[in-house]
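In case you want the letters, here they are:
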Amino acid sequence: MPRGSARGACVRGGGGGREAQVPACAGSGLALREGAAPARLGLARPRSGTMDPAEAVLQEKALKFMNSSEREDCSNDEPPRKIIPEKNSLRQHEHAQNIVPGKIKHTSWAFLNMKSDDSIGGNQPALWSTVNCDLTYNSCARLCLNQETVCLGSTAMKTENCVAKTKLANGTSSMIVPKQRKLSASYEKEKELCVKYFEQWSESDQVEFVEHLISQMCHYQHGHINSYLKPMLQRDFITALPARGLDHIAENILSYLDAKSLCAAELVCKEWYRVTSDGMLWKKLIERMVRTDSLWRGLAERRGWGQYLFKNKPPDGNAPPNSFYRALYPKIIQDIETIESNWRCGRHSLQRIHCRSETSKGVYCLQYDDQKIVSGLRDNTIKIWDKNTLECKRILTGHTGSVLCLQYDERVIITGSSDSTVRVWDVNTGEMLNTLIHHCEAVLHLRFNNGMMVTCSKDRSIAVWDMASPTDITLRRVLVGHRAAVNVVDFDDKYIVSASGDRTIKVWNTSTCEFVRTLNGHKRGIACLQYRDRLVVSGSSDNTIRLWDIECGACLRVLEGHEELVRCIRFDNKRIVSGAYDGKIKVWDLVAALDPRAPAGTLCLRTLVEHSGRVFRLQFDEFQIVSSSHDDTILIWDFLNDPAAQAESTRSPSRTYTYISR
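Model, not experiment: these values are computed from the prediction.

What counts, and at which threshold
- Residues numbered from 1 in each chain as written.
- Predicted model: local features only at pLDDT ≥ 70, side-chain atom pairs only at ≥ 80, totals over all residues.
- Heavy atoms only, no water.
- Patch = residues over 30% accessible without salt bridge, like charges linked within 9 Å, V, L, I, M, F, W, Y side chains within 5 Å.
- Areas by Shrake-Rupley, 256 points an atom, 1.4 Å probe, with all protein chains shown as cover.
- Salt bridge = Lys/Arg side-chain N within 4 Å of Asp/Glu carboxyl O.
- Lys, Arg positive; Asp, Glu negative; His and termini not counted.
- Charge placed at Lys NZ, Arg CZ, Asp CG, Glu CD.
- Helix = DSSP H or I, 4+ residues; strand = E, 2+ residues; numbered from the N terminus.
- UniProt positions renumbered as here; feature names shortened; annotations may be inferred.
- Axes fitted to C-alpha atoms, helices over the stretch in contact; angles between N-to-C directions.
- Parallel < 35°, antiparallel > 145°, perpendicular 65-115°, else oblique.
- Contact = heavy atoms within 4.5 Å.
- Nonpolar A, V, L, I, M, F, W, Y, C, P; charged D, E, K, R; others polar.
- Phe/Tyr/Trp six-rings, centres within 6.5 Å; stacked < 30°, edge-to-face > 60°.
- Buried < 20%, exposed > 50% of the residue type's maximum accessible area, 1.4 Å probe, protein only.
- Pairing = 2+ DSSP bridges.
- Core = buried A, V, L, I, M, F, W, Y, C linked by side-chain atoms within 4.5 Å.
- Domains from an automatic or database assignment.

Trainee: Could you clarify how one ought to interpret a positive patch on the surface in this entry?
Mentor: A cluster of basic side chains, namely R460, R483, R503 and R524, defines a positive patch on the protein surface. Along the chain, R483 falls in the loop between β19 (472-480) and β20 (486-491).

Shown next, in the form of structure tokens:
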């Protein structure tokens, strides 16, 4: 039979002369021969050619297994009807007994061990065959048995290439229908008895019995059980809980979703949408972000929508609906993206405070919050400015030298001066509360927190103080070890960190004040430093910035870019901001700086140039930088309210954000 010409092969019975047309697979030749029922299965072999020894051993083992009476899947009552296809063989063979000569590209062996089917009657023999499909990438094993057709294929087989119909002797076409096993009467009786016993057991006994039963089953049966159980285990709990009066539990579950997931939850069904709306879940999401993220908290204050959060009573007395908060969320996201873009691109609005010092000019130190800026000047005064109007609200006098450092909290302002004293002031009234005299030269820097203060001086010493109250401050310990002026200190509950003109950073134990280690690397004196968690960032007169791991003392990165001494430095979770005697402020990517794979040329995000003199001190948050300079000015760099960006937004349509992934 030529290739591709045969639509089916004829099967003739030895006794009755009936014949069945069995479709061939993808044009391959197929002939089935019916004779006496074989006692055991034989395997068709190639007509010519020598079989590979390994293949011969494999076939011998397969035959031995298929003909074995000890097989677990064989029983005396009803042997299984199973075909075990072998992986594709690329050899071209013609089967002497079963295959009509023709061109064959792929060969698959099919094994079968069956007894006669009593439903047909008499000693009707079972049929077995090997089918070869002329497919480029696929192989198919086909079993023909008493007008039934079963198709099996390799993992790559295209099922559409296998004919899924049989043609009976009378010419009628029929779709394949899985044969249903008839249940015996004894099974039904025994089943009822088992169920009766099962229902009498406790739940734990039932579970133990089912576990034991499943352990005795094969993988095929496990798959059926899994398919049966899977839909039973699925529950729409968000819909089911409110129906039982447990709306608050459904709302609490969904309240942990992020914005993208919450949008998706709203689209599940009407009931899910109702739960998100009635539970005010968009409001809860925004409140959670405000509690945990300082950027969101700052935006709530600056944009005014914080008044609609938590238990605050809105100005008009009416609480906004859930739709208000859903519409508010993308506006917040747009603000955040705008801020990040402004930082990277250097877009900002600038406000300038002229300090107008009468004697000597220069602002050596500052600190700010949302209401005020406190600055220490070269003219021996401390000036407090209104941050909104930029007007000077109060001037504190008492130092007889330049105010070189300061820090304040909600109760006091503490300042250090070149007159060698440390003074304590009431933050609200400006009254001088205390004067500490210990250092014999200028007090260059100080930090205080949780009842402890650390000061450092040009006299090369570090003083640790206990602060019981603003008027009760006592010296605990003096730390000595630096060989030059100690320019800066910082501390937390674990370490005190100091930096000096001797080019070193020293680490001390906070509780015992014992020396821990020295960080070496800068080539000239160190002028500034900040320490938080394990990270220390320092700036030096060698014009570089270094990042250190305080636990092991390793230098993690060197940042180069300033042209003169790096005088001040601060960092947060995202960026480092530095100021130098070259009058420039540089913004660095902290995350990239901590990645050793990041190229050095990509670390500096932006250089800001507005000061006309040396930059002495700066601080920053997510929205702004506040810096002071030898040019007697304080600059406020606002990255939230950029006039150019706002003007552009009035001309361009606003972008729409969606949180549903496609």
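Trainee: So what exactly am I meant to see when it comes to unusual backbone geometry here?
Mentor: Glycine aside, negative phi is the norm for most residues, and most peptide bonds take the trans geometry. With phi around 50°, N450 is a residue other than glycine that occupies positive phi space. Note on placement: N450 falls in the loop between β16 (443-449) and β17 (452-457).

Trainee: What is the right way to read the UniProt feature "repeat: WD" (unreviewed entry) in the chain from this model?
Mentor: Mapped onto this numbering, the UniProt entry gives "repeat: WD" (unreviewed entry) at residues 369-386, 396-435, 436-475, 479-518, 519-558, 559-590 and 608-647. In residues 436-475, the share of helix is 0% and the share of strand is 70%. The end C-alpha atoms are 9 Å apart. For residues 479-518, the helix share is 0%, the strand share is 60%, and the end-to-end C-alpha distance is 14 Å.

Trainee: I'm lost on the packing of helix α6 (residues 247-254) against helix α8 (residues 270-278) in this one. Help?
Mentor: For any two helices packed against each other, the geometry is given by the interaxial angle and the distance between the axes. The interhelical angle for the contact between α6 and α8, taken along N-to-C directions, is 85°, at an axis separation of 9 Å. Relative to α8, the element α6 lies roughly perpendicular. Here D247, A250, E251 and L254 of α6 come into contact with α8, specifically with W272, R274, V275, T276 and D278. Here the residues of the contact of α6 with α8 are counted per class, giving four nonpolar, one polar and four charged.

Trainee: What's the story with the packing of aromatic side chains in this structure? I'm lost.
Mentor: Aromatic ring pairs are defined here through the distance separating the ring centres and the angle between the ring planes. Applying the stated criterion across every chain, the model contains 13 aromatic pairs. Between the aromatic rings of W343 and F620, the centroid separation amounts to 6.1 Å while the plane-to-plane angle is 65°, which identifies the pairing as edge-to-face. Separated by 277 residues along the polypeptide, W343 in helix α11 (residues 322-345) and F620 in strand β32 (residues 615-620) bring together distant segments of the chain. Their ring planes at 45° and their centres at 4.8 Å tell us that Y364 and F616 sit as a pair that is tilted. You can see Y364 sitting in strand β8 (residues 363-368) and its partner F616 sitting in strand β32, a full 252 residues away along the chain. Of the residues examined, F616 reaches a relative accessible area of 4% and is grouped as buried. Aromatic ring contacts, followed pair by pair, group F198, W201 and F209 into a single cluster.

Trainee: Which parts of the structure should I look at to understand the sheet that holds strand β11 (residues 392-396)?
Mentor: The strand order β8-β9-β10-β11 describes an open sheet built from four strands, whose pairing is antiparallel. With partners counted over all chains shown, the strands left at the sheet margins are β8 and β11, one partner each. Direction aside, neighbouring strands of the sheet carry axes that sit 20° apart on average. Pairing analysis gives five bridges linking β8 to strand β9 (residues 372-377), with the strands arranged antiparallel. Each residue of the ladder has a partner; that of Y368, found in β9, is I373.

Trainee: I would appreciate a short explanation of the pairing of strand β34 (residues 633-638) in the present structure.
Mentor: It is a general feature of regular strands that their side chains alternate between the two faces of the sheet. Counted residue by residue, β34 has six buried out of six residues, so it is predominantly covered. Every second residue of β34 is oriented toward a common face, with T633, L635 and W637 on one face and I634, I636 and D638 on the other, all of them buried. By the bridge criterion, six bridges tie strand β7 (residues 349-354) to β34 in an arrangement that is antiparallel. If you follow Q351 over to β34, its bridge partner there is I636.

Trainee: Looking at this model, I keep getting lost on the pattern of salt bridges. Mind explaining?
Mentor: Side chains that carry opposite charge are capable of pairing whenever their charged atoms lie near each other. Under the criterion given, the structure shown has 19 salt bridges. Across the salt bridge formed by E563 and K584, the nearest N and O atoms sit 3.2 Å from each other. You can see E563 sitting in the loop between β27 (555-560) and β28 (566-571) and its partner K584 sitting in strand β30 (residues 584-589), a full 21 residues away along the chain. Through salt bridges that share partners, D247, E271, R274 and D278 make up one connected network.

Trainee: Please explain a nonpolar patch on the surface as it appears in this structure.
Mentor: A surface patch of nonpolar side chains, amounting to about 520 Å² of accessible area, comprises L193, Y197, W201, F209, V210 and L213. Among the secondary structure elements, those contributing two or more residues to the nonpolar patch are α2 (185-200) and α3 (203-215). In terms of residue count, the dominant contributor to the nonpolar patch is α3 (three residues).

Trainee: What is the right way to look at the environment of G362 in this model?
Mentor: Relative to the assigned elements, G362 resides in the loop between β7 and β8. Judged by relative accessible area, which is 0%, G362 ranks as buried. Taking the C-alpha atoms as reference points, G362 and G376, 14 residues apart in sequence, are found 8.9 Å from one another. With residues near it in sequence (within four places) discarded, G362 still touches L377, R378, S629, H630 and D632.

Trainee: For this particular structure, what's the right way to read the sheet that holds strand β13 (residues 412-417)?
Mentor: What holds strands together in a sheet is hydrogen bonding between their backbones, with the strands either parallel or antiparallel. Within the open sheet, the four strands sit side by side as β12-β13-β14-β15. Their pairing is antiparallel. A single partner strand is all that each edge strand has here, and the edge strands are β12 (403-408) and β15 (432-437). On average, each strand axis in the sheet is inclined to that of its neighbour by 20°, with strand direction left out of account. Bridge count between β12 and β13: five bridges; the pairing is antiparallel.

Trainee: Help me understand the nonpolar core, please; the structure alone is not making it clear to me.
Mentor: Across soluble globular proteins, nonpolar side chains show a tendency to be buried alongside one another. Core analysis: the largest hydrophobic core is formed by 44 residues, its most contacted members being I286, W296, W305 and I625. Looking at which domains feed residues into this core, each of domain 1 (237-345) and domain 2 (349-644) supplies at least three. Other than its neighbours up to four places away in sequence, W305 contacts I286, V290, W296, L299, A300, L328 and I332.

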